Amino acid sequence: MPIDFRSRDGILRFFRVLTGFVLTIALTFLGLLAITFFIGRVVPIDPVLAVVGDRATQEQYDAMKIAMGLDRPLILQFVSYVGDVVQGDLGRSVSTNRLVAEDLARVFPATLEMATIGIIIGVGLGVPMGVTAAAHQGSWLDQGIRVLALLGYSVPAFWLGLVGLALFYASLGWVSGPGRVDIFYDGVVDPVTGLLLVDSILAGDWEVFRNALSHLVLPAAILGFFSLAYIARMTRSFMLDQLGQEYITTARVKGVSEWRVIWVHAFAPIRVPLITVIGLSYAGLLEGSVMIETVFSWPGIGNYLTVALLNADMNAVLGATLIIGAVFIGINKTSDVLYRVLDPRST
Amino acid sequence: MTPLLEIENLRVSFPTTQGRIEVVKGVSFTLGRERLGIVGESGSGKSMTGRAILRLIRSPGEVTAERMMFDGTDLLSRSERAMRPLRGARMSMIMQDPKFSLNPVMTVGAQIAEAVRAHESVPRRALANRVREMLEAVRINDPDRVARMYPHEVSGGMGQRVMIAMMLIPRPDLLIADEPTSALDVSVQAQVLDLIDELIVNNGMGLLLISHDLNLVARYCDRILVMNSGEVVESCDAADLHAATHPYTRGLLAAIPRIDETRDVLPVLDRSAWSGT
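Position numbers for residues count from 1 along each chain, tracking the sequence in the order it is written. Each chain takes a letter, starting from A, and each ligand takes a number, starting from 1, following the order in which they are written. Reporting of local features is limited, given that this is a predicted model, to residues whose pLDDT is at least 70; pairs of side-chain atoms are given and counted only at 80 or more, and all residues count toward the totals for whole chains, interfaces and linings. With hydrogens and water stripped out, all remaining heavy atoms of the structure feed into the side-chain values.

Caption draft 1: Molecular detail of the overall build of chain A. Helix and strand content of chain A: 14 helices and zero strands. Put simply, DSSP H or I for four residues or longer makes a helix, DSSP E for two residues or longer makes a strand, and each gets a number counted from the N terminus. Secondary structure of chain A in N-to-C order comes out as α-α-α-α-α-α-α-α-α-α-α-α-α-α. For each residue, the accessible area found with a 1.4 Å probe, counting protein chains only, is set against the maximum for its type, and the residue is called buried under 20%, exposed over 50%, and partly exposed in between. Split into buried and exposed, the 347 residues of chain A put 42% on the buried side. By definition, residues are in contact when any of their heavy atoms lie within 4.5 Å. Sequence separation of at least 24 residues holds for 69% of the intrachain contacts in chain A that already meet a minimum separation of 6. Each accessible area value is a Shrake-Rupley result obtained with a 1.4 Å probe; residue values ignore everything except the protein chains displayed when judging cover. Counting only carbon and sulfur atoms, one obtains 67% of the accessible surface of chain A, whose full area is about 18100 Å². Each charge class in chain A can be summarised by its mean position, and for the 23 positive and 27 negative side chains these summaries are 12 Å apart. Only four residue types enter the charge count: Lys and Arg as positive, Asp and Glu as negative, with His and the chain ends excluded. One atom stands in for each charge, and that atom is NZ of Lys, CZ of Arg, CG of Asp or CD of Glu.

Caption draft 2: How the structure looks around a nonpolar patch on the surface. Residues and elements named next belong to chain A. Like-charged residues within 9 Å of one another, or nonpolar side chains (Val, Leu, Ile, Met, Phe, Trp, Tyr) within 5 Å, are grouped into patches, provided each residue has over 30% relative accessible area and no salt bridge. A pairing counts as a salt bridge when a side-chain nitrogen of Lys or Arg comes within 4 Å of a carboxyl oxygen of Asp or Glu. Nonpolar side chains collect at one region of the surface, where F158, W159, L162, V163 and M291 lie side by side and expose about 470 Å² of accessible area between them. It is helix 7 (residues 157-171) that contributes the most residues to the nonpolar patch, four residues altogether. By the secondary structure assignment, F158 is in helix 7. For F158, a relative accessible area of 39% corresponds to the partly exposed category.

Caption draft 3: How the structure looks around the pairing of strand 3 (residues 35-39) of chain B. Residue and element names in this part refer to chain B. For strand 3, the tally of buried residues reaches five of five residues, placing the bulk of the element in the interior. Whether two strands pair comes down to DSSP finding at least two bridges between them. Relative to strand 9 (residues 206-211), strand 3 runs parallel, the two being bridged by five bridges. If you follow V39 over to strand 9, its bridge partner there is S211. The pairing of strand 3 with strand 10 (residues 223-228) spans four bridges and is parallel. Its bridge partner lying in strand 10, L36 is registered against R223.

Caption draft 4: Highlighting the sheet that holds strand 10 of chain B. Residues and elements named next belong to chain B. With respect to topology, six strands assemble into an open sheet ordered 7-8-9-3-10-11, the strand pairing being mixed. Of all the strands in the sheet, just strand 7 (91-94) and strand 11 (231-237) have a single pairing partner and so form its edges. Within the sheet, the average angular offset between the axes of one strand and its neighbour, ignoring direction, is 15°. Sheet topology places strand 10 next to strand 11; six bridges connect them, and they run antiparallel. The residue bridging M227 from the neighbouring strand is V232, located in strand 11. Axes here mean lines fitted to C-alpha atoms, for a helix over just the part in contact, with angles spanning 0 to 180 degrees between N-to-C directions. The strands that helix 8 (residues 186-203) touches are strand 3, strand 7, strand 8 (174-178) and strand 9; relative to strand 9, the one it contacts most, it runs at about 155°. Packing of helix 10 (residues 247-254) onto the sheet brings it into contact with strand 10 and strand 11, and relative to strand 10 it is tilted by some 100°.

Caption draft 5: Main features of the domain arrangement of chain A. All names here are of chain A. As far as domains go, chain A holds domain 1 (8-70) and domain 2 (107-342). Boundary definitions for the domains trace back to an automatic or database domain assignment. Each of domain 1 and domain 2 has a C-alpha centre, and these two points are 30 Å apart. If you look at the interface, domain 1 gives 15 residues, while domain 2 gives 12 residues. Summed over both partners, the accessible surface that disappears when two parts come together, traced with a 1.4 Å probe, is what is meant by buried area. When the buried area of domain 1 at its contact with domain 2 is split by residue, F21, T36 and I45 rank highest and sum to 35% of it. A 3.5 Å cut-off defines polar contacts: any pair of N or O atoms within that distance qualifies, except that in protein one atom must be a possible hydrogen donor and the other a possible acceptor, and neighbouring residues in sequence count only when both atoms are side-chain atoms. Across the contact surface, domain 1 and domain 2 share zero residue pairs in polar contact (both at pLDDT 80 or more). We call Asp, Glu, Lys and Arg charged. Ala, Val, Leu, Ile, Met, Phe, Trp, Tyr, Cys and Pro are nonpolar, and the rest, Gly among them, are polar. The residue makeup of the side of domain 1 that touches domain 2, split by class, is 10 nonpolar, four polar and one charged.

Caption draft 6: Fine view of the packing of helix 1 (residues 8-42) of chain A against helix 14 (residues 314-342) of chain A. Residues and elements named next belong to chain A. Remark: helix 1 packs on helix 14, axes separated minimally by 10 Å, with the N-to-C direction vectors making an angle of 155°. Taken together, the axis directions place helix 1 and helix 14 in an arrangement best described as roughly antiparallel. Here helix 1 runs over helix 14; the crossing is right-handed. Mapping the contact onto sequence places V17, F21, T24, I25, T28, F29, L32, L33, T36, F37, G40 and R41 in helix 1 and M314, L318, T321, L322, G325, A326, I329, K333, V337 and R340 in helix 14. Looking at the contact of helix 1 with helix 14 residue by residue, the classes come out as 13 nonpolar, six polar and three charged. Throughout, the term roughly parallel applies to angles under 35 degrees, roughly antiparallel to angles over 145, roughly perpendicular to angles from 65 to 115, and oblique to all others. Each helix crossing is assigned a hand: it is left-handed if the near helix lies turned anticlockwise from the far helix by less than a right angle, otherwise right-handed if that turn is clockwise.

Caption draft 7: Representation of the packing of aromatic side chains within the structure. All names here are of chain A. To pair, rings of Phe, Tyr and Trp, with the six-membered ring standing in for Trp, must have centres within 6.5 Å; the planes then decide the type, stacked if under 30 degrees apart, edge-to-face if over 60, and tilted in the middle. By the definition in use, this model includes nine aromatic pairs over all chains. With 5.5 Å between their ring centres and 70° between their planes, F14 and F15 make a pair best called edge-to-face. Classification of F14 by relative accessible area gives partly exposed; the value is 28%. In this structure F15 comes out as partly exposed when scored by relative accessible area, which is 46%. Aromatic pair F37 and F78: ring centres 5.3 Å apart, planes at 55°, arrangement tilted.

Shown next as structure tokens:
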């Protein structure tokens, strides 16, 4: 039922819904914190050892353990950890010797930028392809799209990355190579958002923008191809399901054009399941693709998390996990809101 | 005057792993501005006949006929695109269950308006008025409120009235009603059928009423075709149904229970009487 802002009851209802909404987010986030924290403490990695090294004496070791607060009961550690996180303090990274929050503010936008361009490509091409395949089921067009989608499922990311670099960078020179930007342009624009494309637009520096885009386009297109494969397949199957429904026949009986039958009558009801699929793909891309980030020397969160894990850098691992978890919560909640807008049957 | 619909030797077939199976095997009839009923059990091909007339059988299904004329024009030779001006505007179909045949994410009013907009451009306000008038014609009180509702918010009987409004608003000449009341409660069945009957007679349209209910067809139609496994086995005036001669029809008639009867066991159809096996 839509909320009526003109009545007193309507406004009350709005605030009740909003409070419930904020509470669920807070509780989910607390649960996420608890799980990451306790997993971090259960894994057989000694954070103290990671700091002092294996040649430290027992006294040095014990002193560091107390300094890190690890001698206290787990539950107290958790409470103070939650307190720190709420204030934005994720601790210091052992491997980079910087605050984890600062590190994340640097690496997450790099992944966010690539994932966003990737999902735009994936949705922009995948949805029309899926719809077209379903509308022409069994035709050569359908077969072609299905083969392409199958390729997206089965080709390994690192191979596609390497071949893409060899072809478009080394041979043809259409795009720039690994990294976010040429060294020459590094640090030219102020990192306001951390998203190079946005920052260079804000600074009005089109040269940096063009260079950053030419670095970004290949890895983003490869990520886009993978999400395209998934999105196109799911769209096709949702659409086939709809096109078999009686109300599609009704629309045809009315003499509605085929274009309208497909894009209005059949497409409108699949928007809700499609949002779930797109949301999950986007969240998956935001986790950072370690393969792509490694091949393209992309300083993103996937890379950062992998390095942190290999160095037993628990603060960094927990921080990165929290960010990824928060992204999932955010995307899920956004999908929930969109469901209500798009489906009149949900209340 | 040419009849509204002339069908000669209509065949509909679908491919299966055992080769093509014919579900309609050479049906012929003509229909003027009258009410024709097609009765038969499930799988007798009556719905497929209705859908074939609107050319709604999609590949891999196949429709052939010696003649399939609507108001003097050939239906079979028309392309999908050329069928569109006919569908809705000149011939229309009421489907079985409003739960499935109305689009769940479009308002009732928008779906009715679309039936007009698909064929003519009408100013917004005039269109809204026409939708309101049509909803009133199908006995919906408070048409403005109902027009803003979604299909899941209306009852089955109201949903079917919406369906009728949607199919009759472009004022077609032929209406095919495919089991229009079998998804409804008995109490609203008669209301919906009376409504269809009234609108058909007042507008001088042709009606093809497809049903499995002999009594219902006999009551609302002028003529009756009885179908069994894809063929028309009996054709008679509704008034003469009791005098039907084909053993299948006789069997069906005998199996109808009566409120004042004393039979303990209803007779079962003896299929060997006409299929020869």
